[in-house]
Amino acid sequence: MPAVPRTAARRLAAQAKNHPLLHFTPNWFAMTMGTGIVAIALGQFSQAPLLHEAGAMLWLFNIGLFGLCTFAYVAKWVLYPRAARALFSHPVASMFLGCIPMGLATIVNGLLSYGMVLFGPGAVSLAIYVWIVDALLSVVIGLAVPFMMFTRQDHVIQEMSAVWLLPVVACEVAAVSACLLMPHVADAGTQLCLLVAGMVLWACSVPLALGILVILFLRLVLHKLPPSGMAATSWLALGPIGTGALALALMAGEAEAVLAANGLSAYGNGLAAGSLLGAILLWGYGLWWMAMAIALTLRYLRQGMPFNMSWWGFTFPLGVYTVATLKLAALLGLAPLARFGEGLTVALVLIWMLVIVRTLRGAFSLTLFEDPSLKLA
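Here the structure is a predicted model, which means the values were calculated and not measured.

Q: Got a minute to help me understand empty space enclosed by the protein in this structure?
A: In this approach a probe as big as a water molecule rolls over the atoms, and the regions it shows empty are the leftover space. Applying the stated criterion across every chain, the model contains one cavity of 30 Å³ or more. Considered as a void within the structure, the largest cavity measures approximately 100 Å³ in volume. As for the largest cavity, its lining consists of Ala162, Leu216, Leu220, Leu225, Pro226, Thr233, Ser234, Ala237, Trp289, Leu296 and Tyr300. Put simply, the parts of the chain that give the lining of the largest cavity at least two residues each are α9 (206-223) and α11 (265-303). Residue composition of the lining of the largest cavity, grouped by class: nine nonpolar, two polar and no charged.

Q: Would you mind going over the packing of aromatic side chains with me for this structure?
A: By convention here, two paired aromatic rings are described through the distance between centres and the angle between planes. Evaluated as defined, the whole model comprises 16 aromatic pairs. Between the aromatic rings of Trp283 and Tyr321, the centroid separation amounts to 5.7 Å while the plane-to-plane angle is 10 degrees, which identifies the pairing as stacked. Of this pair, Trp283 sits in helix α11 while Tyr321 sits in helix α12 (residues 316-332), placing them 38 residues apart in sequence. Each of the two residues, Trp283 as well as Tyr321, counts as buried. One aromatic cluster is present, built from ring pairs that chain together Phe24, Trp28, Phe29, Phe66, Tyr73, Trp77, Phe88 and Phe369. Positioned above the aromatic ring of Trp311 is the side chain of Arg358, whose terminal nitrogen or guanidinium carbon lies 5.3 Å from the ring centre.

Q: Honestly, the environment of Leu87 in this entry has me stumped. Any pointers?
A: Structurally, Leu87 can be placed in the loop between α4 (81-86) and α5 (99-119). Judged by relative accessible area, Leu87 falls into the buried class, the value being 2%. A sequence separation of 209 residues divides Leu87 from Leu296, and the C-alpha atoms of the two residues are 29 Å apart.

Analysis parameters
Along each chain, residues carry numbers from 1 onward, in the same order as the chain's sequence is written. Under the rules for a predicted model, residues below a pLDDT of 70 receive no local features and side-chain atom pairs below 80 are neither given nor counted, while totals for whole chains, interfaces and linings still include all residues. Computation of side-chain values covers all heavy atoms of the structure but excludes hydrogens and water. In this analysis, the protein atoms alone were mapped onto a 1 Å grid. Cavities are point sets where a 1.4 Å probe fits without being able to get out; pockets are open sets with protein on both sides within 12 Å along at least five of seven lines; lining residues have an atom within 4 Å of a point. Grid points are joined across faces, edges and corners, and a volume is the space filled by probe spheres set on the points. A run of H or I in DSSP counts as a helix once it spans at least four residues, and a run of E counts as a strand once it spans at least two, with each numbered from the N terminus. Amino acids outside the nonpolar list (Ala, Val, Leu, Ile, Met, Phe, Trp, Tyr, Cys, Pro) and the charged list (Asp, Glu, Lys, Arg) are all regarded as polar, and Gly is one of them. To pair, rings of Phe, Tyr and Trp, with the six-membered ring standing in for Trp, must have centres within 6.5 Å; the planes then decide the type, stacked if under 30 degrees apart, edge-to-face if over 60, and tilted in the middle. Only protein chains enter the accessibility calculation, which uses a 1.4 Å probe; a residue is then buried when its area is under 20% of its type maximum, exposed when over 50%, and partly exposed in between. Whether a charge sits over a ring comes down to the Lys NZ or Arg CZ being within 6 Å of the ring centre and within 35 degrees of the ring normal.

Dropping the structure here:
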């Protein structure tokens, strides 16, 4: 008789060990990043009501995804605090903490694209409050994760990958949101605060990201490609480049009017011109990384690419580069650039459809839940 409860106890222990909440990690927020950026990209086509409406529905769906991921991650901290803390010591899993504020930023941006129609003028005020939380979270993660890399994690250059970018890129994503907020705010002083905050957040991210790309280039030269399970990380380099270009393009469009409204018109033209030039240069730099990412992906496809959550790396980097392309096309009035942006949008939507279907399938079968940091707990 005593063997029965012991067997039941072992069964319960095994079930707890494999519980999806125990294995839930911040890389699931990459799903909200990818879904959110597709919604934002579709929102650029205001002249196409069907696309705009599809983007609005996708944005609402993304709010549900973000809420579900937030609930699951909070539940993990409540139920398995020791396992949750182990993430901070893992040299790869901890990088995905940056996905949390980046996923939240797509909700902020969607409030400006869709929220005013769906919820009224109060959407702008809500967007400001959520952006403040997002910006603070981005700064904290952008400092905390590198600090842990310096002090408690073990890293070697041959195992380095583009996931190093994730914690530092969150600040420039928040910078984009700050720039998007400016034209929706009536107070000139608040607009100036948003402009300065956007510039500071950009500076806290883009130079660091470009430095990491130099190290990544060296790592690829010396140690060749990462394993096929990390194939999608070849696209992550496009993320900070596209986001940095988008932030500068938005500054180019808004900075002159904001500075003039605050008695700083002498600096407006120079800032706008410099921002536009920087956006074009970063966009051109992104072309190189996108071409390389395509070439590397084709090589990985010949070798076989197992599906995992890293496939969401195909979506957000391409998405921000796509939105930056469309924004530059609008600023410059270049029809060929606009057509290129439209083509990128089609590719983005198709990739998202493939990845979301396979993710939902893996989520329902529980095959995608794996926390590598549990080995350190």
